[in-house]
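Each chain, written out:
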Amino acid sequence: MQDGASGQPAFAQPLQDAKPQAFQCGAFLDEELVSVVTFTPETAPDHAEGLPAPVLASQWHLRALATAPGHEGKGLARQAVAFGLKAIFAAGAPGSTGVWLYSKESAYGFYQRLGFSSAGAPFLTDSGPYDLFWISGPLESQDISATR
Ligand SMILES: CC(C)(COP(=O)(O)OP(=O)(O)OC[C@H]1O[C@@H](n2cnc3c(N)ncnc32)[C@H](O)[C@@H]1OP(=O)(O)O)[C@@H](O)C(=O)NCCC(=O)NCCS
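Residues numbered from 1 in each chain as written. Predicted model: local features only at pLDDT ≥ 70, side-chain atom pairs only at ≥ 80, totals over all residues. Heavy atoms only, no water.

Colleague: Sorry if this is basic, but what is going on with the overall build of the protein here?
Modeller: Per the secondary structure count, the protein includes two helices and nine strands. Going from the N terminus to the C terminus, the protein shows its helices and strands as β-β-β-β-β-α-β-α-β-β-β. Relative to its 148 residues, the protein shows a buried fraction of 41%. Long-range contacts, defined here as pairs at least 24 residues apart, represent 59% of the contacts in the protein between residues at least 6 apart. Accessible surface, the protein: about 7,800 Å² in total, of which carbon and sulfur atoms supply 51%. (Helix = DSSP H or I, 4+ residues; strand = E, 2+ residues; numbered from the N terminus. Buried < 20%, exposed > 50% of the residue type's maximum accessible area, 1.4 Å probe, protein only. Contact = heavy atoms within 4.5 Å. Areas by Shrake-Rupley, 256 points an atom, 1.4 Å probe, with all protein chains shown as cover.)

Colleague: Sorry, what's going on with the packing of aromatic side chains here?
Modeller: Working definition: an aromatic ring pair is given by the centre-to-centre distance plus the angle between the planes. This model, assessed by the stated rule, comprises nine aromatic pairs. With centroids separated by 5.7 Å and ring planes inclined at 85°, the aromatic side chains of tyrosine 102 and phenylalanine 123 adopt a geometry described as edge-to-face. Placement of tyrosine 102 in strand β6 (residues 97-104) and of phenylalanine 123 in strand β8 (residues 123-125) is noted, with a sequence separation of 21 residues between them. Ring geometry for phenylalanine 110 and tyrosine 111: centres 5.1 Å apart, planes at 80°, overall edge-to-face. (Phe/Tyr/Trp six-rings, centres within 6.5 Å; stacked < 30°, edge-to-face > 60°.)

Colleague: Got a minute to help me understand the environment of phenylalanine 133 in this structure?
Modeller: Here phenylalanine 133 lies in strand β9 (residues 128-136). C-alpha separation for the pair phenylalanine 133 and glycine 120, spaced 13 residues apart in sequence, amounts to 8.5 Å.

Colleague: I keep staring at the layout of surface pockets and nothing clicks. Help me out?
Modeller: Over the atoms a probe the size of a water molecule is rolled, and this reveals where empty space is left. Space inside the largest pocket adds up to approximately 560 Å³. Those elements that place two or more of their residues in the lining of the largest pocket are β5 (58-67), α1 (76-91), β6 and α2 (108-113). Broken down by element, the residue count for the lining of the largest pocket peaks at seven residues, all from β5. When grouped by side-chain class, the residues that make up the lining of the largest pocket number 13 nonpolar, seven polar and seven charged. (1 Å grid on protein atoms, 1.4 Å probe; cavity = no way out; pocket = protein on both sides within 12 Å on 5 of 7 lines; lining within 4 Å. Points joined across faces, edges and corners; volume = space filled by probe spheres on them. Nonpolar A, V, L, I, M, F, W, Y, C, P; charged D, E, K, R; others polar.)

Colleague: Mind showing me how you'd approach the site of the ligand here?
Modeller: Surrounding the ligand, one finds 19 residues, the nearest of these being Gly73, Gly75, Arg78, Ser106 and Arg113. In the model, an oxygen atom of the ligand is placed 3.3 Å from a nitrogen or oxygen of the lysine 74 main chain. Residue alanine 77 places a main-chain N or O atom 3.1 Å away from an oxygen atom belonging to the ligand. For the ligand, whose unbound accessible area comes to 910 Å², protein coverage reaches 72%. (Near = heavy atom within 4 Å. Polar contact = N/O pair within 3.5 Å; in protein donor to acceptor, adjacent residues only side chain to side chain.)

Rendered as structure tokens:
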């Protein structure tokens, strides 16, 4: 499955994971895989910190997102994430499907730029503050796209 913009194909493939529906998306630049993200069917856990989990029947966990050093700022993580979100929301029931993640503080702006909402209740870890973010479908075309 491929869907690209500006000659930069994105892809999705099943992931060898404990969760059979888990899949990984990526974006290529000049045939080099430069950005990856994983989606796992998983409900956001309740937290002692009191983070409000999204109330959605079908939940996916976005994790392990990274763009290769030197390739940041080219829209490649957006492309990989958008590809996965579109696949999830195309297959999920409208209004009851969502994607959540834990973001470190330095990436809050990235997820906000893509339309994710923050729980607004950051919690401290050994590597600094993290917060829960989520987005629910269906997505309007202006919410997120593979291109800027
Ligand atoms: C965070 C990360 C995945 C972003 O990847 P990227 O390929 O540079 O992101 P994109 O180019 O697709 O950015 C999409 C938009 O978000 C913005 N953006 C990207 N990183 C951002 C950040 N850290 N803070 C605020 N905005 C950010 C971009 O400026 C762009 O905005 P635009 O639509 O106005 O042009 C990348 O910096 C990275 O791999 N960081 C290290 C690993 C990491 O932190 N992963 C996330 C763990 S929670």
